[in-house]
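For reference, the chains in residue letters:
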Amino acid sequence: MYGSFSHDKGFKDSHLQSSFCSVPPSRLCSRLPAKYPAIKALMRPDPHIKWTVTGMVLVQLLACWLARGLAWRWLFFWAYAFGGCVNHSLTLAIHDISHNTAFGTGRAACNRWFAIFANLPIGLPYAASFKKYHVDHHRYLGGDGLDVDVPTRFEGWLFCTPARKLLWLVLQPFFYSLRPLCVHPKAVTRMELCNALVQLAADATIYALWGLKPMVYLLASSLLGLGLHPISGHFVAEHYMFLKGHETYSYYGPLNWITFNVGYHMEHHDFPSIPGCNLPLVRKIAPEYYDHLPQHHSWVKVLWDFVFDDSLGPFARVKRVCKLAENRL
């Protein structure tokens, strides 16, 4: 499952040992473009993401209109099977846009407002807060008290059996929303207030025009699609320590087609300014840097292993104590 590497059961508690150093810069961001100048040409806006995201938002609005007359059981079925895929994909579009891939670094404000537009079908304000915290994920990967992608000690202690880990996966949207407030609270920004007001206005408009069921459809699409869902395998696949010594993994399977290539995660962390549409070209240009690395072949299998493998769980992450965190304590 993980390339040519065997699954080492001997590292079960190694992730508890923090590294008392700042996170080093990307291993390739300076060397690889010098060897392959074509890499630099990939650091440009995605010309299609604006139209793709606009189409997805319009599709969800159409789905809201159709949901008016659905029986509740079918509403939740379609929220999981269809709306969950679209809304999860929109969160990954927001991830891509947070790296200024829609309009380029010279038009940062346009990227922020377009992310708020992509946020509309999600039902809850998300885009501005994600941008605020995601920069720390790249700057301080695994940083204790800085990278809010890393589960808390409470999560690792409580969700340690198959049944509890399954529940943890179901509740992923809540943990991702609440964890930043506990681990690394930041002041509310003006953009977050704008995000909340725009989202509230959109939700109120949908409710006034079409009633309760469309709003339930949108919220259920987000909560179910970000919970125990095949696409949610990427949450675990990206940085959980399936193999000792490897904390970031790529996935090259077909679900990348609907997730803005978020599976190309090693490539993304090496070159965060390259949009998802160009990440496969990074691997194609420099296969000797990526093909030998452990990789996942199925996000569903990732979820299965996470639940039933005793060596995996919320604690299976590399955690570092970074200099900024030391100064802040």
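Residues numbered from 1 in each chain as written. Predicted model: local features only at pLDDT ≥ 70, side-chain atom pairs only at ≥ 80, totals over all residues. Heavy atoms only, no water.

Draft legend 1. Layout of the overall build of the chain. Along its length, the chain carries 16 helices and two strands. Per-residue burial over the chain gives 50% buried out of 329 residues. The long-range fraction of contacts in the chain, counting pairs at least 24 apart against all pairs at least 6 apart in sequence, stands at 79%. Working note: accessible area of the chain is about 15,500 Å², and carbon and sulfur atoms make up 68% of it. (Helix = DSSP H or I, 4+ residues; strand = E, 2+ residues; numbered from the N terminus. Buried < 20%, exposed > 50% of the residue type's maximum accessible area, 1.4 Å probe, protein only. Contact = heavy atoms within 4.5 Å. Areas by Shrake-Rupley, 256 points an atom, 1.4 Å probe, with all protein chains shown as cover.)

Draft legend 2. Molecular detail of empty space enclosed by the protein. On inspection of all chains with the given rule, the structure shows three cavities of 30 Å³ or more. Its volume calculated, the largest cavity comes out at about 60 Å³. Every residue along the wall of the largest cavity is listed here: L92, H95, D96, T259, F260, N261, V262, Y264, H268, G276 and L279. At three residues, the largest contribution of residues to the lining of the largest cavity is made by helix α4 (residues 72-97). For the lining of the largest cavity, a count of residues per class yields five nonpolar, five polar and one charged. (1 Å grid on protein atoms, 1.4 Å probe; cavity = no way out; pocket = protein on both sides within 12 Å on 5 of 7 lines; lining within 4 Å. Points joined across faces, edges and corners; volume = space filled by probe spheres on them. Nonpolar A, V, L, I, M, F, W, Y, C, P; charged D, E, K, R; others polar.)

Draft legend 3. Layout of a nonpolar patch on the surface. Side chains of W72, F76, Y80, Y207, L212 and L224 sit close together on the surface and give an oily, nonpolar patch of about 590 Å² of accessible area. Of all elements in the fold, only α4 and α11 (212-225) reach the threshold of two or more residues within the nonpolar patch. Among the elements that take part in the nonpolar patch, α4 stands out by supplying three residues, more than any other. Here Y80 shows up in helix α4. (Patch = residues over 30% accessible without salt bridge, like charges linked within 9 Å, V, L, I, M, F, W, Y side chains within 5 Å. Salt bridge = Lys/Arg side-chain N within 4 Å of Asp/Glu carboxyl O.)

Draft legend 4. Structural context of helix α8 (residues 162-170). When we look at burial in α8, the residues that qualify are K165, W168 and L169. Buried residues of α8 fall within an arc of 100 degrees about the axis and therefore sit on the same side. (Arc of directions from axis to C-beta.)

Draft legend 5. Seen up close, the side chain of H239. Tracing the backbone shows H239 in the loop between α12 (233-237) and β1 (250-251). In terms of polar contacts, H239 uses its side chain to reach the side chain of T248, at 3.1 Å. At 3.2 Å, the side chain of H239 and the side chain of H269 are in polar contact. Dropping the residues within four chain positions of it, H239 is found in contact with H137, L141, D149, E247, T248, H265, H269, A316 and R317. (Polar contact = N/O pair within 3.5 Å; in protein donor to acceptor, adjacent residues only side chain to side chain.)

Draft legend 6. Fine view of the environment of G143. Turning to its location among the elements, G143 is positioned in the loop between α6 (127-139) and α7 (153-158). C-alpha separation for the pair G143 and C322, spaced 179 residues apart in sequence, amounts to 5.7 Å. Every residue in contact with G143, bar those within four places of it in the chain, is listed here: R320 and C322.

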